[in-house]
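# Coordinate inspection notes
Letter by letter, the chains look like this.
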Amino acid sequence: MLSKKSVRSGAAANVGDGDGPLQFRVCPSRAGYYIGTYCGDCGPLTRESEYYARRRDAELDLRNQTVRWRH
Ligand SMILES: [Zn+2]
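Bear in mind the structure is a predicted one, so any value in this text is a computation, not a measurement.

Rules behind the numbers
- The residue numbering used here restarts from 1 in each chain and proceeds along that chain's sequence as written.
- Whole-chain, interface and lining totals are the exception, using all residues; otherwise, since this is a predicted model, local features are given only for residues with pLDDT of at least 70 and side-chain atom pairs are given and counted only at 80 or more.
- Working definition: helices are DSSP H or I runs of at least four residues, strands are E runs of at least two. Numbering for both runs from the N terminus.
- Each residue is classified by how many other C-beta atoms fall within 10 Å of its C-beta atom, where C-beta atoms are placed from the backbone; a count of 20 or more means buried, 12 or fewer means exposed, and values in between mean partly exposed.
- C-beta atoms are first placed from the backbone for all residues, and any pair lying within 7 Å is then listed as a contact.
- A pair of strands counts as paired when DSSP detects no fewer than two bridges linking them.
- Scored between 0 and 100, pLDDT is the confidence that the predictor attaches to each residue.

### Considerations on the overall build of the protein chain
Looking only at helices and strands, the protein chain has two helices and three strands in total. Sequence-ordered secondary structure for the protein chain, helices as α and strands as β, is α-β-β-β-α. A buried classification covers 14% of the 71 residues belonging to the protein chain. Sequence separation of 24 or more characterises 17% of the internal contacts of the protein chain that already satisfy a separation of 6 or more.

The structure is reproduced here in C-alpha cells:
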C-alpha cells in the first residue's frame with residue numbers, strides 16, 4: 001500500500017502496489033477528469049486531484065506539477 005505522502009512527493013513512479021508499476025494518469029469520470037494513481041495490472045486505484053472539466057487542463061497540471069490535489 002502506498003501512502004499519500006509518497007504519492008504526492010512524486011515517488012509513485014518508482015513504487016508499486018505489489019503487482020505492477022504505479023503511475024499518475026488522467027482518468028475520466030462522470031464528474032469530470034481527475035489525476036489519480038494507476039496500476040499497470042489493476043487499473044485505476046485512487047483519485048488524488050480535484051475534478052477538471054477538460055482533460056487538457058488536467059494533463060497540463062500533471063505535466064507542470066501544479067495539480068490541484070483533493071483535500
Ligand atoms: Zn496492482
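### So, the pairing of strand E3 (residues 43-47)
Examined bridge by bridge, strand E2 (residues 32-39) and E3 share four bridges and lie antiparallel to one another. The partner of Thr37 across the bridge, within E3, is Thr46. Between E2 and E3, which pair antiparallel and follow one another directly, the connecting turn spans three residues.

### With respect to the confidence of the model for the protein chain
Across the protein chain, the average pLDDT comes to 82, with 72% of residues at or above 70. Confidence, expressed as mean pLDDT per element, reaches its minimum in the protein chain at helix H1 (residues 4-8) with 50 and its maximum at helix H2 (residues 55-64) with 96. In the predicted structure, residues 10-14 sits below a pLDDT of 50 and forms nine contacts with residues beyond four places in sequence or in another chain.

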